[in-house]
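Residue strings, one per chain:
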Amino acid sequence: MSRLLLLALACLSFSPFALATDVRIAIPATYADDVFVKSFLANTVPAEAGLSVAALKFLSEAEAKRAVETGAAEMSVYTITDQRLPQWRIPGTATSLLTRRFVFQSAEEVFLVEDSFVGAAAANAASRYGLFPLKLWVHGVTYFLSSEKIASVADFAKLTVAAENGAPDVRILTGVGAKVVASLPSATAGGADAMETQLGAATEAFAQRNGGKLYVTTAWPKLGALVAAHDFWLQRSETEKKALKIAADQARQAADSDIISRREAIRKIPDVEMTNLASREEIQLTLDAVRIAPEARSQEMVLWRKAEFELRGKYAPPLASPPPPLKLAMRSPVFFVTDRNDEGTLDYSTRFGARRLDAFEFTCGFLGAPARNSGEPHVPPAPKILIKGADECARQIVAKTRESGGSKIMFVIHGFNIPFHGLAWRALQLASDVDYGGAVVGWSWPSEGSAFGYAYDEDSSVWSEPHLVELVNAIAAAGPEMQLDFAAHSMGCRILLQMLREFALVHTHLRIGAAVFAAPDVAQDVFREQIRLASKIGVIRTLYASEYDRAILISESYHQAPRAGSGGADILVTKGVESVDTRLTGHSYVFDEPKAIRDFTLVLTKATAAAARGLEAREKAGERYWVIEP
């Protein structure tokens, strides 16, 4: 081979074009003009991360789906409610509610519910098909343009309805007695007095020509989903994932803006009025049209009420002021230990990935020692070289804990949908907020760090648990005088439960103090049995739950059953743990809300029993539990 050819090959190997990863997106014909798709394809952020995004055009969604399944494309888009593709329909009450006809009063309300736990639950249900849902967006909102105001179910029965080209079919209306005629433009001469439309150009032109009053009524959303092949997504670096997520977020914003602008263009036309059905009429219209079973109807209404609580906080009383800060005797040194893959960047937001490597390695580092109540945590830059190995990490943690004057170590175990940076932030925040008197060690297991990665995270939590057991034993060996406390959150409670059960079975002599289960995403029967086996491990065991917990509501929808973190009527009360029911929203309320932080601090610092923490006591099935009101 000539020197010139070798030089050419060497130059090519260092070319940015040679290093780019091709990302082919299968686009069905129905999405050729979709604003989300156009925005995503035009976004330059993926290219800056070394990804070359290109569209592959297909006639149907079925063909686009096959392209992803066979490896002909890495990503695709589809409509999650398209009845022509039953294999793509998403089971579950949350999805049914999100796409339900006539329950939304505006496009903005669709966007809000899409961003609530209902949307996340629907996307997680989609992951059952072996694809990774990267983003849901509103592909379109269907409206009714009518010459008479629609105020009730009975008003629909009087209508003769035409469909604008490209709008969904009108079969739903036959359930409430409406007549259906052909699509526009021929329908305008056929006696139609209402039009089913997504407010496109044809609708705007029709409204401009119309000589009388017109009313626009919100009907239902049509949802699109951007999905990635599972293996393709898991093989991407954190930098590449971040770039694709940014592009998808910006595309969602563009799509939402387009829907609003089309509505506003119609609204500005003289003699056009935006109207809504009364809420009870909307619900009744839905029930009459789709004939859903009473049990499913009840489930939907419970979810709708909880979604409203999350979005608007309608029933939440004002939060109490936080207690005055206590004087801190020492600053708690904060460490992390992880079994994630190390990608070597100097930024903790992209340093560690979500791959489950064989063989894995322990990596640890020192994050700082924040002052008491020091405000927003600051995650430092990542050093080029970090400590590797369980024993090496254990020795560093114990040495610095002794050096700081501490005699105990609190392990913080994160939950579902937490990237590494989120765990580092939370560990620093707890060290600032809780007058602990020891070191804080954040254990970061390979969560995908996405609201749509639930199934992957379930497997990762199981994979990671024996690694944490190894680390805890190593720290106990390096510092036998240290008390070990544990605070687990969400899916991380599965790791803590299994570990405590294993310690109980081998009759461990570890000095375990508190075990806190914050919003545990665990099946109630599993929690009950595992805590029974681990009932002699630790000085105090506490469970925090809430019926308005966003992530627990997603998990309830996914598993179709209450979780250990479910509150209200579903609160889990069992021997071996003190249960505390709250009416707090969000998912991290134990660490974010002042009253919960105060109670959590008493458990961690003084092992104070619930009966002595000033909480209201109640009973369920003869067992006591406690309540924190906002």
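Residues numbered from 1 in each chain as written. Predicted model: local features only at pLDDT ≥ 70, side-chain atom pairs only at ≥ 80, totals over all residues. Heavy atoms only, no water.

Engineer: Provide a residue-level description of the overall build of the chain, including the pertinent values.
Structural biologist: Secondary structure assignment for the chain yields 24 helices and 20 strands. Within the chain, buried positions represent 55% of all 630 residues. Taking the contacts inside the chain whose residues are at least 6 apart along the sequence as the reference set, 79% of them involve residues at least 24 apart. Carbon and sulfur atoms provide 54% of the accessible area of the chain, an area that totals close to 26,000 Å². (Helix = DSSP H or I, 4+ residues; strand = E, 2+ residues; numbered from the N terminus. Buried < 20%, exposed > 50% of the residue type's maximum accessible area, 1.4 Å probe, protein only. Contact = heavy atoms within 4.5 Å. Areas by Shrake-Rupley, 256 points an atom, 1.4 Å probe, with all protein chains shown as cover.)

Engineer: Outline the packing of helix α19 (residues 454–478) against helix α20 (residues 492–505), listing residues and values.
Structural biologist: Angle between the axes and distance between the axes are the two parameters that describe a pair of packed helices. Their axes nearest at 9 Å, the elements α19 and α20 cross at an angle of 40°. By the angle between their axes, α19 is oblique relative to α20. Pair α19 / α20 crosses with right-handed handedness. Seen from α19, the contacting residues are Y454, E458, S461, E465, L468, V469, V472 and N473; seen from α20, they are R494, I495, Q498, M499, E502 and F503. Class assignment for the residues of the contact of α19 with α20 results in seven nonpolar, three polar and four charged. (Axes fitted to C-alpha atoms, helices over the stretch in contact; angles between N-to-C directions. Parallel < 35°, antiparallel > 145°, perpendicular 65-115°, else oblique. Left-handed = near helix turned anticlockwise from the far one by under 90°. Nonpolar A, V, L, I, M, F, W, Y, C, P; charged D, E, K, R; others polar.)

Engineer: Lay out the sheet that holds strand β19 (residues 616–620) in plain terms, naming residues and giving numbers.
Structural biologist: Spatial strand order, β12-β11-β10-β14-β13-β15-β16-β17-β18-β20-β19: eleven strands in an open sheet with mixed pairing. In this open sheet, the two strands that pair with only one neighbour each are β12 (387–388) and β19. Pairing of strand β13 (residues 408–413) with strand β14 (residues 439–444), which is carried by five bridges, proceeds in the parallel orientation. By the bridge assignment, M410 is partnered in β14 with V440. (Pairing = 2+ DSSP bridges.)

Engineer: Go over the pairing of strand β10 (residues 334–338), please, and point to the residues and values.
Structural biologist: Sheet faces and side chains relate simply in a regular strand, where the side chains alternate between the two faces. Counting buried positions over the five residues of β10 gives five, a clear majority of the element. Neither face of β10 is left uncovered, since the one carrying V334, F336 and T338 and the one carrying F335 and V337 both have all their residues buried. The pairing of β10 with strand β11 (residues 363–368) spans five bridges and is classified as antiparallel. The residue bridging V337 from the neighbouring strand is C364, located in β11. Bridge count between β10 and β14: five bridges; the pairing is parallel.

Engineer: For the packing of helix α17 (residues 390–403) against α19, give the residues involved together with the corresponding values.
Structural biologist: It is at 8 Å that the axes of α17 and α19 come closest, and there the two elements cross at 50°. One element, α17, and the other, α19, form an angle in the oblique class. Here the hand of the crossing between α17 and α19 comes out right-handed. Residues A390, D391, A394, R395, I397, V398 and R402 of α17 form the contact with α19, whose participating residues are E470, L471, A474, I475 and A478. Class assignment of the residues belonging to the contact of α17 with α19 gives a composition of eight nonpolar, no polar and four charged.

Engineer: Explain the environment of M410 to me, and be specific about the residues and the numbers.
Structural biologist: Here M410 lies in strand β13. Note: C-alpha distance between M410 and D485 (75 residues apart in sequence) is 4.6 Å. Residues contacting M410, with those up to four places away along its chain left out, are Y436, A439, V440, V441, D485, A487, F600 and L604.

Engineer: Mind laying out the state of the cysteines, listing which residues take part and the relevant values?
Structural biologist: The tally for this structure, following the rule as stated, stands at one disulfide. Paired through a disulfide, C364 and C393 show a sulfur-sulfur distance of 2.2 Å. Sign of the S-S torsion, about -100° for the bond between C364 and C393, identifies this disulfide as left-handed. With C364 in strand β11 and C393 in helix α17, this residue pair connects regions lying 29 residues apart in the sequence. (Disulfide = S-S within 2.5 Å.)

Engineer: Can you tell me about the pattern of salt bridges, naming the residues and giving the values?
Structural biologist: Between side chains of opposite charge, a pair can form as their charged atoms come close. Tallied over the full model, the rule gives 28 salt bridges. Across the pair D256 and R252 runs a salt bridge, and its minimum N-O distance is 2.7 Å. Of the two residues, D256 and R252 are both situated in helix α13 (residues 238–267); the distance of four residues between them amounts to about one turn of the helix. Just as D256 is buried, R252 falls in that class too. (Salt bridge = Lys/Arg side-chain N within 4 Å of Asp/Glu carboxyl O.)

Engineer: Give me the lowdown on the nonpolar core, citing residues and values where you can.
Structural biologist: If you look at the biggest cluster of nonpolar residues, it comprises 57 residues, and the most contacted ones within it are F411 and F527. Once you skip the residues sitting within four places of it in the chain, F411 turns out to touch V441, L468, L471, V472, I475, L484, D485, F486 and A487. With 54 residues, the next largest nonpolar core counts Y78, L214, A228 and A229 among its residues. (Core = buried A, V, L, I, M, F, W, Y, C linked by side-chain atoms within 4.5 Å.)

Engineer: An account of the packing of aromatic side chains is needed here, citing residue identities and associated values.
Structural biologist: By the definition in use, this model includes 18 aromatic pairs. Ring geometry for F36 and W137: centres 3.8 Å apart, planes at 10°, overall stacked. Of this pair, F36 sits in helix α3 (residues 35–42) while W137 is found in strand β4 (residues 131–146), placing the two residues 101 residues apart along the sequence. For the pair formed by F36 and W137, the shared burial category is buried. With a centroid separation of 4.8 Å and an interplanar angle of 80°, the aromatic rings of F336 and F420 are classed as edge-to-face. With a gap of 84 residues between them, F336 in strand β10 and F420 in helix α18 (residues 420–433) connect regions that are remote in the sequence. F420 matches F336 in its accessibility class, with the two residues each being buried. An aromatic cluster is defined as three or more aromatic residues linked by ring pairs; in this entry it consists of Y31, F36, F40 and W137. Lying over the aromatic face of F366, K400 brings its terminal NZ or CZ to 4.8 Å of the ring centre. The residue whose ring lies beneath K408 is Y436, and the NZ or CZ to ring-centre distance is 4.7 Å. (Phe/Tyr/Trp six-rings, centres within 6.5 Å; stacked < 30°, edge-to-face > 60°. Lys NZ or Arg CZ within 6 Å of the ring centre and 35° of its normal.)

Engineer: Tell me about α18, and please be specific about residues and values.
Structural biologist: With 14 residues, α18 ought to run about 20 Å at 1.5 Å a step, and its terminal C-alpha atoms sit 20 Å apart, in line with that. A large share of α18 lies buried, amounting to ten of its 14 residues. All buried positions along α18 are accounted for by F420, L423, A424, R426, A427, L428, Q429, L430, A431 and S432. (Expected span 1.5 Å × (residues − 1).)

Engineer: Residues and numbers for the environment of Q429, please.
Structural biologist: Looking at the secondary structure, you find Q429 in helix α18. The spatial distance from the C-alpha of Q429 to the C-alpha of N373 is 8.6 Å, given a sequence separation of 56 residues. If we ignore the near neighbours within four places in the chain, the residues touching Q429 are P377, F591 and D592. Of the polar contacts made by the side chain of Q429, one reaches the side chain of R426; its length is 2.3 Å. (Polar contact = N/O pair within 3.5 Å; in protein donor to acceptor, adjacent residues only side chain to side chain.)

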